[in-house]
Amino acid sequence: MAPISDPCSFSSFSKCVIRHLNLNFYVDFDNHVLKAKVAMTVEVLEDKFSLLTLDTKDLKILKVSANGQDAKFTLGEQQQGYKGSPLDITLPFELSRGQHVIMEIEYETSPRASALQWLSPAQTAGKKHPYLFSQCQATHCRTMVPCQDTPSVKHTYYAQVSVPKELIAVMSALRDGQEPDPSDNNRIIYRFRQPVPMPSYLIAIVVGALESREVGPRTRVWSEKEYVDKAAFEFSETEKMLKIAENLAGPYVWGQYDVLVLPPSFPYGGMENPCVTYATPTVLAGDRSLATVIAHEISHSWTGNLVTNKTWEHFWLNEGHTVYLERMIGRAMEGEQFRQFKAMGGWKELQESVHQLGPNDGRTNLVPNLQELDPDDAYSSVPYEKGFALLYHLEELLGGPEVFMGFVKSYIQMFAYGSATTEEWKNYLFTYFKDKVDILNKVDWNGWMHTPGMPPYKPQYDTTLADACIALSQRWVKAKDADLAGFSKEDIKDFSSHQLIEFLALLLLEEPLTLSHVKRMQEVYNFNSVKNSEIHFRWLRLCIKAQWEEAVPLALKMATEQGRMKFTRPLFRDVYKFDKFRDEAIKTFKEHKDEMHPVTAIMVTRDLKIDSTGL
Ligand code: BES
Ligand code: ZN
């Protein structure tokens with residue numbers, strides 16, 4: 001196999017690969033650092049091997065040894081951008097192909113490590129104890145562990161974490177017991193083991209005043225005690241979803257499937273960390289309507305965690321297939337019309353992203369070029385929804401959901417425990433459907449994969465559940481001021497929360513409504529008091545676009561009370577675009593910046609075009 005290259009990693013993974021990590025973390029809440037020691041088992045892939053390069057960013061390297069002998073190392077200069085500094089280690093001996101070496105590195109993380117957010121007690125629900133969580137995807141693991149920070153390398157891990165004894169540590173692995181820290185009787189050591197090989201971006205740690213509750217045979221929910229009951233209710237269907245997913249995709253190999261609800265600053269909706277999915281508290285809608293996030297993260301147990309994109313340029317393989325599986329779970333639970341409704345909503349999300357980024361922007365390619373791009377900057381709905389649309393289009397061409405799911409399952413088996421590129425995926429598609437190659441040859445592959453903008457073909461969707469949303473949104477778009485009296489709360493009395501989201505999303509694609517329209521909408525539908533975060537978010541965007549000044553403080557409140565980037569970034573951007581309030585947006589951001597997640601803070605700094613050196 002030709003050596004692969006990963007534009008996001010410096011590490012010498014074509015010459016050697018990490019097979020196992022043995023991690024020791026001392027969590028230091030006073031200084032906001034992890035004092036760490038990692039022992040890694042490295043398999044050598046070439047003869048005369050003596051130079052090992054690892055990815056690091058903002059790490060203080062204290063000592064390196066190879067099989068117990070001191071090894072010389074140099075830390076490259078801090079590189080431009082997100083990649084950090086290569087750590088070059090010269091082994092005191094030469095190794096040949098097939099040999100293993102145990103590298104030990106003692107180091108400390110920086111208080112500014114972009115993988116970590118250190119929360120003060122005031123920033124937690126309980127207000128008594130500090131809290132730490134990590135988020136490594138895509139390229140932040142290197143700020144927490146010196147490693148081969150590329151999804152093309154997979155390894156197992158074992159970890160021991162020393163924390164203050166009032167706190168609990170959870171990692172993306174199976175819990176393997178705990179003991180008092182022999183060196184400090186105010187601390188406990190938690191142990192973890194991850195026996196399934198996985199990429200570095202799935203290493204995860206949370207330390208806080210956590211509680212947990214069992215909600216299924218292999219599922220506990222974890223959170224601060226203030227959220228546990230709500231979380232247990234919201235995620236009570238997890239086992240049902242896991243069983244459906246196993247029927248679709250094959251056995252669940254990770255043992256446990258827990259869900260951990262993070263503090264509101266968690267920058268994503270969910271994160272598929274093995275054995276413990278992370279979730280934002282903004283999915284606690286109180287009616288299980290946002291549990292689709294869990295269906296999504298469960299699906300990553302196969303597409304993402306078992307079969308992994310080989311580099312971040314192939315990220316659509318992770319997310320596109322996961323959205324496809326997520327919607328197949330939705331189909332099994334709510335029916336085919338529901339899947340069609342969500343699929344159509346996804347196409348609209350894609351339109352919104354292409355509009356926001358611009359139809360010629362490289363980030364709207366299904367397979368973008370990441371040579372110059374930070375994956376955090378490239379992040380959008382495109383890999384999710386262009387990826388899903390391609391798979392759905394293929395499903396349409398090749399014989400429907402059952403037939404195409406057969407391929408997805410077989411693809412998973414084929415690449416399980418490994419990683420894949422778009423090319424490898426496509427070759428396997430042609431092999432699997434060898435009798436339908438003429439159909440496959442008619443697909444405009446270049447248009448779908450390597451051309452920016454909307455896809456070359458729009459699939460068909462059943463509109464049964466969307467029709468009411470479309471009709472009502474059009475009534476509002478077409479209404480003259482004199483027609484506004486005709487609206488009433490009856491209009492939406494039969495709408496599910498999914499349909500309310502869709503109704504608002506449709507309006508967001510239209511020209512802004514007038515002020516009298518949004519004021520009337522508040523009067524009749526009272527969206528201001530709806531708790532569902534997806535509804536509230538779209539409603540506030542609609543108000544800001546209509547230049548309703550009273551919505552500005554509400555939008556800035558939502559942008560800062562929670563930190564999910566999907567909500568926080570557009571809300572800040574919208575207020576910033578509302579000329580009169582541009583300074584207000586910047587001022588509010590600066591006031592909250594220090595308590596924000598480091599990645600969110602950087603992204604909003606860029607969105608609001610603030611010179612980061614002047615902060
Ligand atoms: N793995 C992603 C989150 C992610 C992607 C984190 C890239 C960092 C870099 C996760 O599975 C995800 O897609 N989350 C979505 C959930 C949604 C599609 C249901 C989110 O956060 O909104
Ligand atoms: Zn995902």
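Being a predicted model, the structure only gives us computed values, none of them experimental.

A. Representation of the overall build of the protein chain. Along its length, the protein chain carries 19 helices and 22 strands. Relative to the 2.2 N^0.38 estimate, which gives 25 Å for 615 residues, the radius of gyration of the protein chain is 25 Å and therefore close to what a compact globule would have. Along the longest, intermediate and shortest principal axes, the C-alpha atoms of the protein chain span 85 × 65 × 50 Å. In the protein chain, which comprises 615 residues, the share counted as buried stands at 60%. In the protein chain, 71% of the contacts between residues at least 6 apart in sequence involve partners at least 24 apart. Surface accessibility of the protein chain: about 24500 Å² in total, with carbon and sulfur atoms responsible for 49%.

B. Highlighting the packing of aromatic side chains. Applying the stated criterion across every chain yields a total of 38 aromatic pairs. When the centroid spacing of 5.6 Å and the interplanar angle of 80 degrees are considered together, the rings of Tyr324 and Phe404 count as edge-to-face. With Tyr324 in helix α4 (residues 315-334) and Phe404 in helix α8 (residues 401-415), this residue pair connects regions lying 80 residues apart in the sequence. Accessibility classification places Tyr324 together with Phe404 in one group, the buried group. Ring geometry for Tyr428 against Tyr432: centres 6.5 Å apart, planes inclined by 45 degrees, an arrangement best described as tilted. Placement of the pair is Tyr428 and Tyr432 together in helix α9 (residues 422-432), with a separation of 4 residues, close to one helical turn. What makes Tyr428 buried here is its relative accessible area of 16%. Classification of Tyr432 by relative accessible area gives partly exposed; the value is 33%. Between Arg187 and the ring centre of Tyr26, over which it is positioned, the NZ or CZ distance is 3.7 Å. Sitting above the plane of the Tyr576 ring, Arg582 keeps its charged end 4.1 Å from the centroid.

C. The arrangement of the environment of Gly208 in detail. Within the secondary structure layout, Gly208 lies in strand β15 (residues 205-208). Residues Gly208 and Asp88, spaced 120 residues apart in sequence, show a C-alpha to C-alpha distance of 35 Å. Beyond its immediate chain neighbours, meaning those up to four positions away, Gly208 contacts Pro130, Tyr131, Leu167 and Ile168.

D. Inspection of the sheet that holds strand β12 (residues 168-171) at higher detail. Read from one edge to the other, the open sheet built from 4 strands follows the order β9-β10-β15-β12, with strand pairing classed as antiparallel. In this open sheet, the two edge strands, each paired with only one partner strand, are β9 (116-119) and β12. For this sheet, the mean inter-axis angle between neighbouring strands, taken without regard to orientation, is 10 degrees. Pairing of β9 with strand β10 (residues 131-134), which is carried by 4 bridges, proceeds in the antiparallel orientation. Along β10, the bridge assignment pairs Gln117 with Phe133.

E. Structural detail: the coordination of the zinc ion (ligand 2). Donor atoms from the polypeptide that coordinate the zinc ion (ligand 2) comprise His296 (NE2), His300 (NE2), Glu319 (OE) and Glu319 (OE), at 2.0 to 2.7 Å from the metal. Because the angles between the 6 donor atoms bound to the zinc ion (ligand 2) fall within 53 to 158 degrees, the donor set is best described as irregular. Counting gaps between the donor residues of the zinc ion (ligand 2) yields the pattern H-x3-H-x18-E. Taken as a pair, His296 in helix α3 (residues 292-299) and Glu319 in helix α4 lie far apart in primary sequence, 23 residues in all. For His296, a relative accessible area of 9% translates into the label buried.

F. Focus on the nonpolar core. Among the nonpolar cores identified, the biggest contains 205 residues, and Leu23, Phe25, Trp425 and Phe503 are the most heavily contacted of them. Looking at this core, the element that brings in the most residues is α4, giving 9 residues. With near-sequence residues (within four places) excluded, Phe25 lies in contact with Leu34, Lys35, Ala36, Tyr107, Met144, Val145, Gln160, Val161, Ser162, Met171 and Ile205.

G. Local environment of the site of ligand 1. Neighbouring ligand 1 are 16 residues; Gln137, Gly269, Glu272, Glu297 and Tyr384 lie closest to it. Interatomic distance of 3.3 Å between a backbone N/O atom of Gly270 and a nitrogen atom of ligand 1. One of the side-chain nitrogen or oxygen atoms of His296 is found 3.0 Å away from an oxygen atom of ligand 1. Within the complex, the protein chains bury 90% of what would otherwise be the 520 Å² of accessible surface of ligand 1. Put simply, the parts of the chain that give the shell around ligand 1 at least two residues each are β19 (270-271), α3 and α4. Partitioning the shell around ligand 1 into residue classes produces 6 nonpolar, 6 polar and 4 charged.

H. Spatial organisation of α9. Every buried residue of α9 is accounted for by Thr422, Trp425, Tyr428, Leu429 and Phe430. Residues of α9 that are buried in the fold lie against α4, α7 (382-398), α8, β22 (418-420), α10 (437-441) and α11 (445-450).

I. Geometry of the side chain of Thr280. Within the element layout of this structure, Thr280 appears in the loop between β20 (276-279) and α3. For Thr280, a relative accessible area of 0% translates into the label buried. Reaching out from Thr280, the side chain makes a polar contact with the side chain of Thr282 at a distance of 2.9 Å. Those residues in contact with Thr280 that sit more than four places away from it in its chain are Val261, Phe266, Tyr268, Gly269 and Arg564.

J. The environment of Phe235, seen in detail. Along the chain, the position of Phe235 falls in the loop between α1 (225-234) and α2 (238-249). Separated by 261 residues in the primary sequence, Phe235 and Ser496 have C-alpha atoms spaced 19 Å apart. Setting aside chain neighbours within four positions, we find Phe235 in contact with Val215, Val221, Val259, Val261, Ala279, Val283, Leu284 and Ile294.

K. Just the domain arrangement of the protein chain, in detail. For the protein chain, the assigned domains read domain 1 (1-114 + 133-203), domain 2 (302-449) and domain 3 (467-614). For domain 2 versus domain 3, the separation of C-alpha centres amounts to 29 Å. Between domain 2 and domain 3, the residue contacts involve 13 residues of the former and 15 residues of the latter. At the boundary of domain 2 with domain 3, total buried surface from both sides reaches about 1100 Å², with 53% on carbon and sulfur atoms. For domain 2, the biggest contributors to the area lost against domain 3 are Phe341, Lys348 and Glu352; these three give 43% of the whole. On the surface where domain 2 and domain 3 come into contact, there are 5 salt bridges. Residue Arg606 is joined to Asp374 by a salt bridge in which the shortest nitrogen-to-oxygen separation is 3.8 Å.

Criteria and thresholds
- All residue numbers refer to position in the chain's written sequence, counted from 1.
- The naming scheme follows written order: chains are lettered A onward, ligands numbered 1 onward.
- pLDDT decides what is reported in this predicted model: residues at 70 or higher carry local features, side-chain atom pairs at 80 or more are listed and counted, and totals for whole chains, interfaces and linings draw on all residues regardless.
- Side-chain metrics in this entry use all non-hydrogen atoms of the structure; hydrogen atoms and water are not considered.
- Strands here mean DSSP runs of E at least two residues long; helices mean DSSP runs of H or I at least four residues long; both are numbered from the N terminus.
- Atoms counted for the radius of gyration: C-alpha only. Globule rule: 2.2 Å times the number of residues to the power 0.38.
- Relative accessibility thresholds used throughout: buried, under 20% of the residue-type maximum; exposed, over 50%; partly exposed, between the two (1.4 Å probe, protein chains only).
- Every residue pair with non-hydrogen atoms within 4.5 Å of one another is taken to be in contact.
- All accessible-area figures derive from a Shrake-Rupley calculation using a 1.4 Å probe, and residue coverage is judged against the displayed protein chains alone.
- In this scheme Phe, Tyr and Trp rings, the latter by its six-membered ring, pair at centre separations within 6.5 Å, and the angle between planes marks the pair as stacked below 30 degrees, edge-to-face above 60, and tilted otherwise.
- In this scheme, Lys NZ or Arg CZ marks a charge over a ring once it lies within 6 Å of the ring centre and within 35 degrees of the ring normal.
- Strands pair, by our definition, only if DSSP identifies at least two bridges between them.
- In this description, a line fitted to the C-alpha atoms serves as the axis of each element, helices being fitted only across the stretch in contact, and the angle between N-to-C directions of two axes falls anywhere from 0 to 180 degrees.
- Coordination here is defined by N, O and S atoms within 2.8 Å of the metal (3.2 Å for Na, K and Ca), and since water is not considered, a site can look incomplete.
- Any coordination sphere not matching a tetrahedral pattern (four donors, all angles between 85 and 135 degrees) or a square planar or octahedral pattern (four or six donors, opposite donors over 155 degrees apart, other angles between 65 and 115) is reported as irregular.
- Grouping buried Ala, Val, Leu, Ile, Met, Phe, Trp, Tyr and Cys residues that are joined through side-chain atoms within 4.5 Å yields what is termed a nonpolar core.
- The rule for a residue being near a molecule or strand is that one of its heavy atoms must lie within 4 Å of it.
- Polar contact criterion, stated in full: a pair of N or O atoms within 3.5 Å, where within protein one must be able to donate a hydrogen and the other to accept it, and residues adjacent in sequence count only if both atoms are side-chain atoms.
- Residues are grouped as follows: Ala, Val, Leu, Ile, Met, Phe, Trp, Tyr, Cys and Pro are nonpolar; Asp, Glu, Lys and Arg are charged; all remaining types, including Gly, are polar.
- Domains are outlined according to an automatic or database domain assignment.
- Note on terms: buried area is the combined drop in 1.4 Å-probe accessible area of two parts once they are placed together, counting the loss on both.
- Think of a salt bridge as a Lys or Arg side-chain nitrogen and an Asp or Glu carboxyl oxygen that are within 4 Å of each other.

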